[in-house]
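# Residue-level structural notes
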Amino acid sequence: MNQAYPKPLPKSDKMNCRRVIYVILLVSLPIVKALPGSNRDIEGKNSIGQRFLQLQKNNFKAMALVMVAQYVQGGTFGRAVKMAEDLTDLAKRCAATAARDNPDCLKPLDKIFLDTVCQEENLPGFTDCCAKKDPERNDCFLVLKNSSRGFISPFERPNAEAACKNHSQNQHLLTEHFIFEVARRHPFLYAPTILSVAIRYDEMMKNCCRSSEDLTYNLEECFQRQAPKVVKPIKEDGLRQEHTCGILHKFGERTLKALKLAQISQKFPKADFVTVSKLVMDVTNMHKDCCRGDMLDCMHDREELLRYVCTNQDILSSKIKQCCEKPLLQRSECIVNTENNDKPADLSPHVREFIEDKGICERFAQEKDTHLARFLYEYSRRHPEFSAQMLLRIGKGYEDLLHECCKPGAPEDCCSRGEEKLKKHIYETESVMKTSCDIYREKGDYYFQNELLLSFTKKMPQLTSAELIKFTKQMTTIGSKCCQLSLDKLLPCAEEKLDLVLGEICRRHLRDPINPGVCHCCSSSYALRRPCIGKLEMDEHYVPLSLTPGLFTFHEDLCTTEEEKLQQKKQEMLINLIKYKPQITQEQLTAITAAFTTMREQCCRGGNPQACFAKEGPELIKRSEKMLSA
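Counting its regular elements, the protein contains 30 helices and zero strands. Radius of gyration (C-alpha) of the protein: 28 Å, near the 25 Å computed for a compact globule of 630 residues. Structurally, the protein occupies a C-alpha span of about 90 × 80 × 45 Å along its principal axes. Residue burial in the protein is summarised as follows: out of 630 residues, 51% are buried. For the protein, contacts bridging at least 24 residues in sequence account for 74% of all contacts bridging at least 6. By element, 52% of the accessible surface of the protein is carried by carbon and sulfur atoms, the whole surface being about 31600 Å².

Here the focus is the environment of R511. Note that R511 resides in helix α25 (residues 487–511). What makes R511 exposed here is its relative accessible area of 63%. It is 30 Å that separates the C-alpha atoms of R511 and T429, two residues lying 82 residues apart in sequence.

Applying the stated criterion across every chain yields a total of 17 aromatic pairs. On the numbers, 6.0 Å between centres and 55° between planes, the contact of F251 with Y526 is tilted. Of this pair, F251 sits in helix α12 (residues 219–251) while Y526 sits in the loop between α26 (516–524) and α27 (529–535), and the two are 275 residues apart along the sequence. Both residues of the pair, F251 and Y526, belong to the buried class. With a centroid separation of 6.2 Å and an interplanar angle of 35°, the aromatic rings of F554 and F596 are classed as tilted. Of this pair, F554 sits in the loop between α27 and α28 (563–580) while F596 sits in helix α29 (residues 586–605), and the two are 42 residues apart along the sequence. Of the aromatic side chains, those joined through ring pairs into one cluster are F354, F375, Y379, F386 and Y398. Sitting over the ring of F188, K145 keeps its end group 5.6 Å from the ring centre. The positively charged end of K459 is found above the aromatic ring belonging to F456, 5.8 Å away from the centroid.

Here we come to unusual backbone geometry. With omega at 5°, the peptide bond leading from D134 into P135 counts as cis. In this fold, P135 is placed in the loop between α7 (127–130) and α8 (136–144).

Within the largest apolar cluster, 176 residues are counted, with the highest numbers of intra-cluster contacts made by F113, F223 and F554. Ignoring any residue separated from it by four or fewer positions in sequence, one finds F113 in contact with M67, V68, Y71, L87 and L296.

Bringing the state of the cysteines into the picture now. Counting across every chain of the model gives 17 disulfides. A sulfur-sulfur distance of 1.9 Å marks the disulfide that ties C405 to C414. Disulfide C405 to C414: torsion about the S-S bond roughly -75°, handedness left-handed. Each member of the pair, C405 together with C414, is buried. Each sulfur of the disulfide joining C521 and C532 lies 2.0 Å from the other. Taking the sign of the S-S torsion, about -75° here, the bridge from C521 to C532 comes out left-handed. In this pair, C521 is assigned in helix α26 and C532 in helix α27, connecting sequence segments eleven residues apart. For C521, a relative accessible area of 1% puts it in the buried group.

Next up on the list: the environment of R93. Mapped onto the elements of the fold, R93 is located in helix α5 (residues 77–95). Sequence separation between R93 and A131 is 38 residues; the distance between their C-alpha atoms is 27 Å.

By secondary structure assignment, the location of A410 is in the loop between α22 (388–405) and α23 (414–459). A C-alpha to C-alpha distance of 47 Å links A410 and P582, two positions 172 residues apart in sequence. Those residues in contact with A410, other than ones at most four positions away along the chain, are E404 and C405.

Take the pattern of salt bridges next. Enumeration over the complete set of coordinates arrives at 45 salt bridges. In this structure, the salt-bridge partner of R254 is E399, at a minimum N-O distance of 3.9 Å. One end of the pair, R254, is in helix α13 (residues 253–267); the other, E399, is in helix α22, and 145 residues separate them in sequence. For E399, a relative accessible area of 11% corresponds to the buried category. Beyond isolated ion pairs, a larger network of salt bridges with shared partners links R79, K82, D86 and E120.

Time to look at α13. The first and last C-alpha atoms of α13 sit 21 Å apart over 15 residues, in line with the 21 Å expected at 1.5 Å per residue. Along its buried surface, α13 packs onto α12, α14 (273–291), α18 (328–337), α21 (368–382) and α22.

Here we take up the packing of helix α6 (residues 109–118) against α8. Helix-helix packing is characterised by the crossing angle of the two axes and by the distance between the axes. Contact pair α6 / α8: the axes reach a minimum separation of 11 Å and the direction vectors enclose 65°. One element, α6, and the other, α8, form an angle in the roughly perpendicular class. Seen from above, α6 lies across α8 with left-handed handedness. The residues of α8 that touch α6, namely those facing K111, L114, D115, V117 and C118, are R137, N138 and F141. Of the residues belonging to the contact of α6 with α8, the class tally is four nonpolar, one polar and three charged.

This brings us to α12. With 33 residues, α12 should cover 48 Å at 1.5 Å per step; its first-to-last C-alpha distance of 48 Å lies within 8% of that length. The largest bend along α12 measures about 35° and falls at V231, with the proline P233 one to four residues further on. With a side-chain oxygen lying 3.1 Å from the backbone nitrogen of E220, the N-terminal cap of α12 falls on N218.

Okay, the confidence of the model for the protein next. With 91% of its residues at a pLDDT of 70 or more, the protein shows a mean pLDDT of 86. Segment residues 1–44 is flagged for pLDDT under 50; beyond a separation of four residues in sequence, or across chains, it makes 138 contacts in the model.

It is worth spelling out the packing of α22 against α23 at this point. Where α22 contacts α23, the axes come no closer than 10 Å and their chain directions differ by 155°. One way to sum up the angle between α22 and α23 is to call them roughly antiparallel. Crossing handedness for the pair α22 and α23: right-handed. Residues M390, R393, I394, L401, L402, E404 and C405 of α22 form the contact with α23, whose own contacting residues are C414, C415, G418, K421, L422, H425, I426 and T429. The residue makeup of the contact of α22 with α23, split by class, is nine nonpolar, three polar and three charged.

Cut-offs used in this document
Residues numbered from 1 in each chain as written. Predicted model: local features only at pLDDT ≥ 70, side-chain atom pairs only at ≥ 80, totals over all residues. Heavy atoms only, no water. Helix = DSSP H or I, 4+ residues; strand = E, 2+ residues; numbered from the N terminus. Rg over C-alpha atoms; globule rule 2.2 N^0.38 Å. Buried < 20%, exposed > 50% of the residue type's maximum accessible area, 1.4 Å probe, protein only. Contact = heavy atoms within 4.5 Å. Areas by Shrake-Rupley, 256 points an atom, 1.4 Å probe, with all protein chains shown as cover. Phe/Tyr/Trp six-rings, centres within 6.5 Å; stacked < 30°, edge-to-face > 60°. Lys NZ or Arg CZ within 6 Å of the ring centre and 35° of its normal. Core = buried A, V, L, I, M, F, W, Y, C linked by side-chain atoms within 4.5 Å. Disulfide = S-S within 2.5 Å. Salt bridge = Lys/Arg side-chain N within 4 Å of Asp/Glu carboxyl O. Expected span 1.5 Å × (residues − 1). Axes fitted to C-alpha atoms, helices over the stretch in contact; angles between N-to-C directions. Parallel < 35°, antiparallel > 145°, perpendicular 65-115°, else oblique. Left-handed = near helix turned anticlockwise from the far one by under 90°. Nonpolar A, V, L, I, M, F, W, Y, C, P; charged D, E, K, R; others polar. Bend = angle between axes of the 7 residues up to and from the residue. Polar contact = N/O pair within 3.5 Å; in protein donor to acceptor, adjacent residues only side chain to side chain. pLDDT = per-residue confidence, 0-100.

Below is the structure:
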């Protein structure tokens, strides 16, 4: 999404003002206690009429608009509004006391929703889906969802004055149009995220447009300054959702459950195993629905989950009270960002019963997954200073230990040996993070990123310069955020944020394979992905770039005083140098860098930098080639 404010409304859609959804939630959203559900609604869940009463008209319309835009991405804004209104009208009729037992009002919400969509004539590409029976009809719609960049053209950058004029004339309509455009470009994005983004969008339009009559006021500058705040949740929430779905699709439900078990046990260490297990199941089921793109079930699952958490604060956490007093749209993010609850005062520091108990092999044989889950729960709630990924590695190590020690003929002290392996792994992990932070503090952002570029270009030379700079920039940002924290917070911060970047690299690999080493690390084990990629060395299968005339070019733009642009140009040259000579040593790199710096300073001091670069550039390449072949 290039811009956070849409182009002026098309004329055809301006005619739909009578169908405007006046999104009151953009100003003061009440606690939303009902979101569209699924086939499960028949059995004790809310009907469409009950949902309407709980949401109220304008909120119901807003949710309906998001869903229509996500399911029918190629439709127009006007048709989306019409379908949202049809759904709302039906819901309003079903909310009336006399109609609550009407069979049409008791149908599952996904059936009502798709019936409304399929009543529209000439919908692009959905004829085959509408001819199917449920649940195949819904699955057909989900398969057609497309989140690929470029499937729908990015927002066009409008004239700032025209955008403010539209806002003054059609404030509600413009905000709805924004919701529609965001939803259809992000068909898997959780709907409340879109609506919370719309609140920020509306605030931006009010802030920037209210001073438009001041001749000295720069509208464009205001939009450029505030737009990043609007799109930030879309990027961040979208990345987190994509990351979670990537784990589910690649490593399966068991891995996702283990990850959530570790995270929830750390968040709520006073909760018992049964309660935590219930939350793990609920969260996993929610992600399964969300990752399928089934927004109806996704929204309903999250509503139920938040209601349960906030109703059971006394057994979960004393630190989520303020979160549960917020509107529903803000609750989830608040709870995720709240610090972990305090550990029980009587919680023993060790879990020795899982090593020393004589009956562990019998329990492992009888109820393998439950036994391993209980170990992970007990260990995680005791160690908030560990990352969830590290806890999964500890859990995997414990599982491997039991497989080895529960074999017939295993030595009696077999399990106790595993304790030494555990201590070694913890030490190695903490050392890696501490060493990385020491380097970051010593070198600073730019030179730390260059160290990462040197490493990752050798590991993954198939990535483009832009990709390598982007990923290493993200890793450098992690250093700036996490290395200033205390040791007990360093590991959760660093590894969990790094996990997002590595997940992005692995999804890039799925779209366009990088190399066998990356394939192995991205496919073999989620818990071991970070150490696996960390241990990758130079790709032996890579064919280095040839020294063509265009590989290294030197122009007067190297004399720019804009430090950020200069740093990027130098980093692009560094990447090309490594791709040309992957075996380059640190000494060779230092010598070539020094020679380049001398040439640049010499040429930029002269009266004709371009002529100087044209003469000195080829000479530098010759000297560098000689150094590299020595």
